[in-house]
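# Summary of structural features
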Amino acid sequence: MLVKHCVISALTRSTSHSPSSTVLRRQQFLVRTLCASRTHLPKLIKAMSSTSEADAESVLRTVTPTLDPKRHKGQAGKIAVIGGCREYTGAPYFAAISALRIGTDLSHVFCTKDAAPVIKSYSPELIVHPVLEESYTISQFSEEEKRKVQDNVIGEVDKWMERFDCLVIGPGLGRDPFLLECVSKIMLLAKKFNVPFVVDGDALFLVTNSIDLVKSYPLAVLTPNVNEYKRLVQKVLNCEVDEEKAEDQLRSLAKQIGGVTILRKGKTDLISNGEIVKSVSIYGSPRRCGGQGDILSGSVAVFLSWAQQLKSGPESPSESPAILGCIAASGLLRKAASLAFTKHKRSTLTSDIIECLGESLEDICPVS
Ligand SMILES: NC(=O)C1=CN([C@@H]2O[C@H](COP(=O)(O)OP(=O)(O)OC[C@H]3O[C@@H](n4cnc5c(N)ncnc54)[C@H](O)[C@@H]3O)[C@@H](O)[C@H]2O)[C@@H](O)CC1
Ligand SMILES: Nc1ncnc2c1ncn2[C@@H]1O[C@H](COP(=O)(O)OP(=O)(O)OP(=O)(O)O)[C@@H](O)[C@H]1O
Ligand SMILES: [Mg+2]
């Protein structure tokens, strides 16, 4: 009886802060089945520990570097966002400025020529490269001229690639076929230099249709929202999203894509690399204004690159930098969203959440 009681309370804690009645029913069924035979207890304990609520605040404290006066510009990170086109200029800006607000030293944006002046006008802090091309600007070109344009685009990114600690590919990229073809080549380039990348927004559309671009690249992190996740599951697992088996399905998806890390965004953020599944369900806000995913992708890039620096140190954590980066980013975004909502209620905008990133991080890891 005591064992059963402990198991139920541990399972309740391990899945979510407020498990739905369906989840509770499933847990109780599992407990009844497994308690019938004590020989299954070790399996149960393993299952409990494989999907658990991450201690996001503790991860944030572990990965966030101290502000050491001996460090020079660039050591706290150099991030590049690949995104921004005629329609979308907000998304790459949100991702890039969030990275700076969290503490990266340099934040670049590689966008189309039309989007560049607009993004530059939002902030002088960002380094903006007007290098991407959309089909409409080259519609009169011959095939050979188009190939030359593509080579130029790749050449412009190539010059910088080695300097970046992480890329965020996709916020506000759009779905122009010529532009997406260039972005596939940028992904190949990043892999050649072992630069980690976060795949978000329209780059997830690209990757869903060409899964080999990320398959088995351990430094790839995918951050799908509800629609993007649905399309990934349909394409890769050939089935529909099953909320009853959310954790197992996410684990299978990440495994099937060769162990990439996936952060499935939603009421609870779920993170898996095909082995473990972690959840982050703290704080948050009921406001669902567009752009919060862009803050998240920029944040994952920063925390991932900081976690990678720890990997080479003496107190290297056991989890991968990609998993740690996702947990830290999700925890911080939710805390900042909660703080912004307290201040602005229904009128909370993505920029208000970005304003709260610094205060939220300071609350967890004070500068001194
Ligand atoms: N201020 C900005 O510039 C912003 C730009 N954004 C960019 O906008 C682009 C599109 O991102 P979204 O998050 O909107 O992409 P989604 O694919 O989630 O959604 C696109 C639109 O189509 C609808 N839709 C998509 N699939 C659907 C389906 N199966 N059934 C029903 N409706 C469906 C959605 O409701 C949404 O309105 C990305 O490049 C993204 O980065 C967003 O990040 C939001 C902010
Ligand atoms: N229902 C929800 N309740 C609480 N938090 C949520 C909910 N849905 C999403 N979030 C939070 O908002 C973050 C962004 O998720 P969202 O689904 O809005 O991304 P997105 O659609 O890609 O955003 P964007 O508009 O930037 O493209 C998630 O990481 C999560 O923490
Ligand atoms: Mg998005």
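Residues numbered from 1 in each chain as written. Chains lettered and ligands numbered in written order. Predicted model: local features only at pLDDT ≥ 70, side-chain atom pairs only at ≥ 80, totals over all residues. Heavy atoms only, no water.

Basically, it comes down to this: UniProt positions are given in the numbering used here, feature names are shortened, and annotations may be inferred rather than shown by experiment.
In the nomenclature of an unreviewed UniProt entry, the protein chain corresponds to ATP-dependent (S)-NAD(P)H-hydrate dehydratase from the organism Brassica carinata. In its Function (unreviewed entry) section, the UniProt entry covering the protein chain states "Catalyzes the dehydration of the S-form of NAD(P)HX at the expense of ATP, which is converted to ADP. Together with NAD(P)HX epimerase, which catalyzes the epimerization of the S- and R-forms, the enzyme allows the repair of both epimers of NAD(P)HX, a damaged form of NAD(P)H that is a result of enzymatic or heat-dependent hydration." Looking at the protein chain in UniProt, the text filed under Cofactor (unreviewed entry) is "Mg(2+)".

## Thoughts on helix α8 (residues 177–192)
Here is the rule: Strands are runs of DSSP state E lasting at least two residues, helices are runs of H or I lasting at least four, and both sets are numbered from the N terminus onward. Between the first and last residue of a helix there are one fewer steps than residues, each counted as 1.5 Å, and that sum is the expected span. Only protein chains enter the accessibility calculation, which uses a 1.4 Å probe. A residue is then buried if its area is under 20% of the maximum for its type, exposed if over 50%, and partly exposed in between. N or O atoms closer than or at 3.5 Å make up a polar contact, with two conditions inside protein: a donor-capable atom paired with an acceptor-capable one, and, for residues adjacent in sequence, both atoms drawn from side chains.
The first and last C-alpha atoms of α8 sit 23 Å apart over 16 residues, in line with the 22 Å expected at 1.5 Å per residue. Every buried residue of α8 is listed here: Phe-178, Leu-179, Leu-180, Cys-182, Val-183, Ser-184, Ile-186, Met-187, Leu-189 and Ala-190. The opening residue of α8 is Asp-176, an N-cap whose side-chain oxygen sits 3.2 Å from the backbone nitrogen of Phe-178. In the segment just after α8, Asn-194 is the residue with positive phi, at about 55 degrees.

## A few points about the environment of Lys-120
Turning to its location among the elements, Lys-120 is positioned in helix α6 (residues 115–122). Given the relative accessible area of 41%, Lys-120 is considered partly exposed. Sequence separation of Lys-120 and Tyr-93 is 27 residues, and the distance between their C-alpha atoms is 8.9 Å.

## Considerations on the site of ligand 1
What counts here: If a single non-hydrogen atom of a residue is within 4 Å of a molecule or strand, that residue counts as near it. Reported accessibility uses the Shrake-Rupley method at a 1.4 Å probe radius. Residues are deemed covered only where the shown protein chains occlude them. Gly is put with the polar residues, along with every residue not named as nonpolar or charged; the nonpolar set is Ala, Val, Leu, Ile, Met, Phe, Trp, Tyr, Cys and Pro, and the charged set is Asp, Glu, Lys and Arg.
If you check the shell around ligand 1, you find 16 residues, and the closest are Ala-91, Gly-172, Asp-202, Arg-231 and Asp-294. Separating an oxygen atom of ligand 1 from a backbone N or O atom of Gly-90 is a distance of 3.2 Å. Between ligand 1 and Gly-172 there is a distance of 2.9 Å, counted from an oxygen atom to a backbone nitrogen or oxygen. Relative to its unbound accessible surface of 820 Å², ligand 1 loses 54% to contact with the protein. Elements supplying a minimum of two residues to the shell around ligand 1: α5 (90–102) and α10 (226–237). Sorting elements by how many residues they give to the shell around ligand 1 places α5 first, with three residues. In terms of residue class, the shell around ligand 1 is made up of five nonpolar, seven polar and four charged.

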